[in-house]
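# A look at the structure
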Amino acid sequence: MFKAVCFDFDYTLGDCTDSIVAGFVHGLTGLGFPAPDRETVRGTIGYMLEDSYTMLTGDRDPDRQARFRALFTEVARERQIRETILFPGAPELLRGLRTRGVRTAIVSTKRGDTIELILESHGLRDAVEMVVGSADVKRPKPDPEGLRTVMARLGVEPGETLFCGDTVLDAGAAQNAGCHFAAVLNGTTPEADFAPFPTDHIAPDLGELAEWLGV
C-alpha cells in the first residue's frame, strides 16, 4: 500500500516505561521535586524530556531543563537498552515490511542512538533502514522535520509514506508533512483524541496494523 512505512518508537513499537519512570524519579528528586507516580510519567511519554519536565513542574528554566535531562540519562539510558520490551508483533511487522520491499524508518523524540541499540539488542537493527531521533532534528514533532528528513533520504513522496504513532504529536507531524497516518493504541492516547486529524486507520495493536497493511 505504501513505499515507506515510518514508526514512532515509545508506545508504538516498544515499551520503555520502567526505565523512563526510573529516570524521571532520579531527575526530579535530584532537582528537589517530589517523585512522580508511574501514571503521571506515562502521560508525558512521547514529548521531549525538557517539555515533560516543564509539564510536571511548571519550571521553564532552560538550565534546569538541561540538568533534568542529564540526571534522567544517568539512570534511564542503559536501562532502556537492557529492559525495553517490544510490543507483540513488532518484529514480524518490521521484517515483513522489509521482505516486501517497503522502506522502513523510525522518527522519535527518543535519542536515535538509544533506539538503534535497543533494536540491536532485539536483533532488529537490519529491519529498520533509518532512525531519526531527538538529536537529529532542530524541531521535534509535531513539526514535520523528522518525517521530511526520512522521506528525502529514502527518496519517497508524502503520498507514498505512512507514519504510525500513538500520540497526537505523531498525528500532527504526519498532517504537517502531508503523509498518511495510522494511529496505534498501545499508549495512553484514547482513540477519540485522533478525531481532529486526517487518519487512514486506527489499530488497536500491531497485529491488527500488520493485517491492515497486508503483512
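The preceding data block contains the structure.
First, a word on scope: everything that follows refers to the structure included in this document. All of these numbers come straight from a predicted model, not from anything done at the bench. (Residues numbered from 1 in each chain as written. Predicted model: local features only at pLDDT ≥ 70, side-chain atom pairs only at ≥ 80, totals over all residues. Heavy atoms only, no water.)

### Considering the packing of helix α4 (residues 62-83) against helix α6 (residues 112-121)
- Running from N to C, α4 and α6 cross one another at 30°; their axes reach a closest spacing of 8 Å. Between α4 and α6, the interaxial angle falls into the category roughly parallel. Two secondary-structure elements touch here, α4 through Arg77, Gln80 and Ile81 and α6 through Asp113, Thr114, Leu117, Ile118 and Ser121.
- Classifying every residue of the contact of α4 with α6 gives three nonpolar, three polar and two charged. (Axes fitted to C-alpha atoms, helices over the stretch in contact; angles between N-to-C directions. Helix = DSSP H or I, 4+ residues; strand = E, 2+ residues; numbered from the N terminus. Parallel < 35°, antiparallel > 145°, perpendicular 65-115°, else oblique. Contact = heavy atoms within 4.5 Å. Nonpolar A, V, L, I, M, F, W, Y, C, P; charged D, E, K, R; others polar.)

### What about the pattern of salt bridges?
- Going through the model one piece at a time under the given rule, you end up with 19 salt bridges.
- Here Glu78 ties to Arg77 by a salt bridge, and the two come within 3.7 Å at their closest N and O atoms.
- Residue Glu78 is classed as partly exposed on the basis of its relative accessible area, which comes to 44%.
- A salt bridge links Asp113 to Arg111; the shortest N-O distance between them is 3.1 Å.
- Salt bridges sharing partners connect three or more residues here, namely Arg77, Glu78, Arg111 and Asp113. (Salt bridge = Lys/Arg side-chain N within 4 Å of Asp/Glu carboxyl O. Buried < 20%, exposed > 50% of the residue type's maximum accessible area, 1.4 Å probe, protein only.)

### Details of the state of the cysteines
- Across all of its chains, the model carries zero disulfides by this definition.
- Here Cys6 is not cross-linked by a disulfide; its sulfur's nearest cysteine counterpart is in Cys179, at 6.9 Å.
- The exposure class of Cys6 is buried, given its relative accessible area of 1%. (Disulfide = S-S within 2.5 Å.)

### Remarks on helix α8 (residues 168-177)
- Taking burial as the measure, the 10 residues of α8 include seven buried ones, the bulk of the element.
- Listed as buried for α8 are Leu169, Asp170, Ala171, Gly172, Ala173, Ala174 and Ala177.
- Buried-residue contacts for α8 involve α7 (145-154), β6 (161-165) and β7 (180-184).
- In this structure Thr167 caps α8, since a side-chain oxygen of it lies 3.2 Å from the backbone nitrogen of Leu169.
- Just beyond α8, the residue with positive phi is Gly178, at close to 80°. (Polar contact = N/O pair within 3.5 Å; in protein donor to acceptor, adjacent residues only side chain to side chain.)

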